[in-house]
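# Fold and contact review
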Amino acid sequence: MIERYLVAASSYAQDIDNLILLIAVLVGFWLVLCEVVFFYFIWRFRARDGHKAEYVSGENKAHKRWITIPHLLVLVCDVFIIYGAVRVWVNVKQTLPPPDATVRVIGQQWAWTFVHPGADGKLDTADDIAKIDELHVEVGKTYHYELSARDVLHSFSVPVFRLKQDAVPGRIIRGWFEPTKTGEYSVQCAEICGMGHGLMGARIMIETPGEHAAWVAGQKPLSLASAR
Amino acid sequence: MATADITTDAHHHHEQTFWSKYVFSTDHKMIAMQYMFTGMFMAAIGGFMAYVFRMQLAFPGMEVPLFGLVGPNDYNALITNHGTIMIFWVAMPVLIAAFGNFLIPLMIGCDDMVFPKINRLSYQIFLLSAVILLISLAVPGGGFAGAWTAYPPLSAQAQYSGTALGSTLWLVAVALEFVAFLLGGINFVTTAMNSRAPGMKMYDIPMVIWMIVIASVLFMASVGPLIAGAIMLFMDQVVGTGFYDPARGGDPVLWQHLFWFFGHPEVYVVLLPALGITADIMCVFARKKLFAYRTALWTVFGTGILSFTVWAHHQFVAGIDPRMAHIFTVTTLLISIPIAELCFIYIATLYGGSITLSTPMLWALAFVAEFLIGGVTGIFLGASGADIYFHDTYFVLAHFHYTFFPIAIIGTFAGITMWFPKMFGRYMSEFWGKVHFWGTVIPFNIIFIPLFFLGTIGQHRRIYDYTNFPELSLPWMQDLRQLATVALIVMLLFQFIFLINMFYSMFRGKKAPKNPWRANTLEWTTESPPPHGNWPEGLPEVYRGPYEYSTPGRDEDYWPQNVPS
């Protein structure tokens, strides 16, 4: 459904889309049913000359059935939706599969800083690569992100991943993603963060292993860059 | 009864000057009018703000007629204050304060609120809060621009927001508004519980009165934590404390909990009066008894209690413990049960009716039809897994406009067109009323359906110019934004028809009798408009419930509450 307009480029993007589709079908059914009955009643019971309305208190069991049965069916739909939502949530937010690499994501007014592990694959070493508004990842690898904010709240949002997580000053929030499609996509800040909030977009480059290695090799290590 | 007579007499002997009648009045009906017209004035400002920022979105960088260039901070201040105004200075004063003040004494059959002077004080504080809010828009640095949710640290520290004075005045205005509604709420609950006409039992109270009373209780029970939170935010802003500053041991997420602990019940605070207005109107114009009155009432109590347990669904991705999300997903989805039940009750009420599509009835029916859309789209956001994606997109924005617009705009117009003959003793024009109805409801859908779609494909909120996001600035997306903006302008223009119809009818409309809609409730048993003291010849007594329409064995298809059996 959403994929027609927005690529699904993470391992869990399709799960989230499917959950949204499940909800759309269930609530769509109730919405259409209610609206159809509602408009039918408005037409069917329009005022006509010499025709008096019925007296229905709705207090006896035979009448109440008309609301209690649908209402129990709504509850059944809720159970399905809760099950689907919890399953997706546990996978995306509550579990951390072992990572192939970790990136550091830092929000500040009004730019994203991404610290990539360099050739050694580890953060906090001499070959770390820090980039402003540019995140480079390799397709098919599991990444952890360490999300923090320097000043106010920000929200790390990658629509093609269907991923969103607020960045909170004073905390490091850990999460994960696994890119499944190559290409260049948008990274947003989804939490209002002041005057430049509307400018706080970054790009994510999802690369094949070869492209990614070439990109890493072409970067000057962080320590050298800052020494100059 | 004797006491009541003495008070009514006292009112009559008292000479009323312009000031005591219109400005320092303690009459609940005058205070209701003050709230209503102040709310409508603020709605005009809030609507104008929507026009300005929608123009910027449709035509980025354009000099907006009647405003000028919209800078990024202007944009943020406009959306912030649009939200704040529409909820705190439009929905609440009109739905709760205006209708509560006007209807409670008239529908329960007493001469005024139990604390008339507290009532007057409530409006005065409310007016002061509105003035402070308007001043905050014009101070150096500009108005507060950190969204109506005011999340710190952005709202707490001027170094990040750049609006030192604007933020603080905004906060003071909101806090004063809360004080005004606490005072009003005390009055509403006390009056409804203590001053009912003899014979009016709990289950004889019209639904709209119950709804306003329950809404007041919800408000009073939920606002405390936020007032504490607001004081801490004020201290952070002004004194430099660090309640929300992690560098000094504070926590920004604390505010979010306090804010939404209030903020979610607040949705029901404004929803319930609109639901009540709708229920009463539907019964009158379908000539039907409300389906399962007692079930409906207990369902509303259930909704109110549940509404205190769902707040963190606004914070799924805010950095809360991920395990906590499950609890709030369950409670949030559960609240769909009472709300669905109410929808079924409303639909069932129409069954077997004799429906006249008068202007108030059109508004009431539109409320149900549109609110359903707002209700079901909330399920996507209450389901934690789907909210990861939808959070802070235009899907959220379209969803809550499909709830708040039916509540604050459709519900208000339903109420005004219903009780206008009682308020002013004259009819509004039905023809122009219907023109205004269609001219409002059709554009409303054309505004927000495209925004649902844009949100679904990833358009995030509170962005003043999408040309900075290549994926979101394709030509057809810009076309949808322009469509929404044009529809908004059309809708705003149609509001002039309402204003002309209202003010013209107030002075020149056809005279209305006591009970133009042939309704059962007590307000229709006194003069239109009701005199000071409401029933100068003596207060009414009640013999039955409010919804005895089309009772078998009676010639008339209505049976007023005050007519002895």
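Residues numbered from 1 in each chain as written. Chains lettered and ligands numbered in written order. Predicted model: local features only at pLDDT ≥ 70, side-chain atom pairs only at ≥ 80, totals over all residues.

### A word on the overall build of chain B
Tallying secondary structure elements over chain B gives 17 helices and 0 strands in all. Taken against the 2.2 N^0.38 rule, which gives 24 Å for 565 residues, the C-alpha radius of gyration of chain B at 24 Å falls within 12% of a compact globule. Dimensions of chain B, computed from the C-alpha atoms along their principal axes, are close to 70 × 50 × 50 Å. Residues classed as buried in chain B amount to 60% of the 565 residues present. Contacts spanning at least 24 positions in sequence make up 82% of the contacts within chain B whose residues lie at least 6 apart. (Helix = DSSP H or I, 4+ residues; strand = E, 2+ residues; numbered from the N terminus. Rg over C-alpha atoms; globule rule 2.2 N^0.38 Å. Buried ≥ 20, exposed ≤ 12 C-beta atoms within 10 Å, placed from the backbone. Contact = placed C-beta atoms within 7 Å.)

### Concerning the domain arrangement of chain A
Residue and element names in this part refer to chain A. Here the domain parsing of chain A yields domain 1 (2-94) and domain 2 (101-227). Taken together, the contact between domain 1 and domain 2 spans 10 residues of the former and 13 residues of the latter. The class makeup of the residues in the side of domain 1 that touches domain 2 is 7 nonpolar, 2 polar and 1 charged. (Domains from an automatic or database assignment. Nonpolar A, V, L, I, M, F, W, Y, C, P; charged D, E, K, R; others polar.)

### Notes on the confidence of the model for chain B
Mean pLDDT over chain B works out to 95, with 97% of the residues at or above the 70 mark. Below a pLDDT of 50 lies the segment residues 1-11 of chain B, which in the model reaches 9 contacts outside its immediate sequence neighbourhood of four places, other chains included. (pLDDT = per-residue confidence, 0-100.)

### Some thoughts on the nonpolar core
Core analysis: the largest hydrophobic core is formed by 255 residues, its most contacted members being Ala91(B) and Ile209(B). Here this core gets 24 residues from one element, more than from any other, and that element is helix H4 (residues 72-108) of chain B. (Core = buried A, V, L, I, M, F, W, Y, C linked by C-beta atoms within 7 Å.)

### Regarding the interface of chain B and chain A
On the chain A side, the residues contacting the 82 residues of chain B number 76 residues. Secondary-structure elements contributing two or more residues to the side of chain B that touches chain A are H4, helix H6 (158-161), helix H9 (252-286), helix H10 (293-306), helix H11 (324-334), helix H12 (336-350), helix H13 (359-382) and helix H14 (384-390) of chain B. Per-element accounting of the side of chain B that touches chain A gives the leading share, 10 residues, to H12(B). Of the residues assigned to the side of chain B that touches chain A, the class counts are 48 nonpolar, 23 polar and 11 charged.

### Details of H10(B)
Residue and element names in this part refer to chain B. Between its first and last C-alpha atoms H10 spans 20 Å; for 14 residues at 1.5 Å apiece the expected length is 20 Å, and the two agree. Listing the buried residues of H10 in full gives Tyr293, Ala296, Thr299, Val300, Thr303, Gly304 and Leu306. All buried residues of H10 fall inside an arc of 165 degrees around its axis, so they share one side. Close packing links the buried residues of H10 with helix H8 (207-238), H9, H11 and H12. (Expected span 1.5 Å × (residues − 1). Arc of directions from axis to C-beta.)

### Some thoughts on the sheet that holds strand S6 (residues 154-158) of chain A
All names here are of chain A. Here we have 5 strands laid out as an open sheet, ordered S4-S10-S9-S6-S7, and mixed in their pairing. Strands with a single pairing partner mark the edges of an open sheet, and in this sheet they are strand S4 (134-138) and strand S7 (163-167). In this sheet, neighbouring strand axes are inclined to one another by 25 degrees on average, regardless of whether the strands run parallel or antiparallel. In terms of strand pairing, S4 meets strand S10 (residues 202-207) through 5 bridges, oriented parallel. (Pairing = 2+ DSSP bridges. Axes fitted to C-alpha atoms, helices over the stretch in contact; angles between N-to-C directions.)

### Structural notes on the environment of Ile497(B)
Residues and elements named next belong to chain B. The residue Ile497 is located in helix H17 (residues 475-508) in this model. We classify Ile497 as partly exposed; it has 17 C-beta atoms within 10 Å. For the pair formed by Ile497 and Leu95, sequence separation is 402 residues and the distance between their alpha carbons is 21 Å. With residues up to four places along the chain from it excluded, the contact list for Ile497 reads Trp432, Val435, His436 and Gly439.

### Topic: the environment of Met62(B)
Within the secondary structure layout, Met62(B) lies in the loop between helix H3 (28-58) and H4. Between the C-alpha atoms of Met62(B) and His28(B), which are 34 residues apart in sequence, the distance is 46 Å.

### Some points on unusual backbone geometry
Following Gln109(A), the chain continues into Trp110(A) via a peptide bond in cis, with omega recorded as -10 degrees. Looking at the secondary structure, you find Trp110(A) in the loop between strand S1 (101-108) and strand S2 (111-116). With an omega dihedral of -10 degrees, the bond running from Ser528(B) to Pro529(B) counts as a cis peptide bond. Within the fold, Pro529(B) resides in the segment after H17. Within the chain, Asp133(A) stands out as a residue other than glycine whose phi angle is a positive 55 degrees.

### Quick word on the packing of helix H15 (residues 394-424) of chain B against helix H16 (residues 430-456) of chain B
Residue and element names in this part refer to chain B. At a minimum axis distance of 8 Å, the contact between H15 and H16 shows a crossing angle of 170 degrees. Judged by the angle between their axes, H15 and H16 are roughly antiparallel. Across the interface between the two elements, Tyr394, Phe395, Val396, Leu397, Ala398, His401, Tyr402, Phe405 and Thr417 of H15 pack against Gly433, Phe444, Phe448, Leu451, Phe452, Leu454, Gly455 and Thr456 of H16. Split into classes, the residues belonging to the contact of H15 with H16 amount to 12 nonpolar, 5 polar and no charged. (Parallel < 35°, antiparallel > 145°, perpendicular 65-115°, else oblique.)

### As for H13(B)
Spanning 24 residues, H13(B) covers 34 Å between terminal C-alpha atoms, matching the ideal 34 Å at 1.5 Å per step. Counting buried positions over the 24 residues of H13(B) gives 23, a clear majority of the element.

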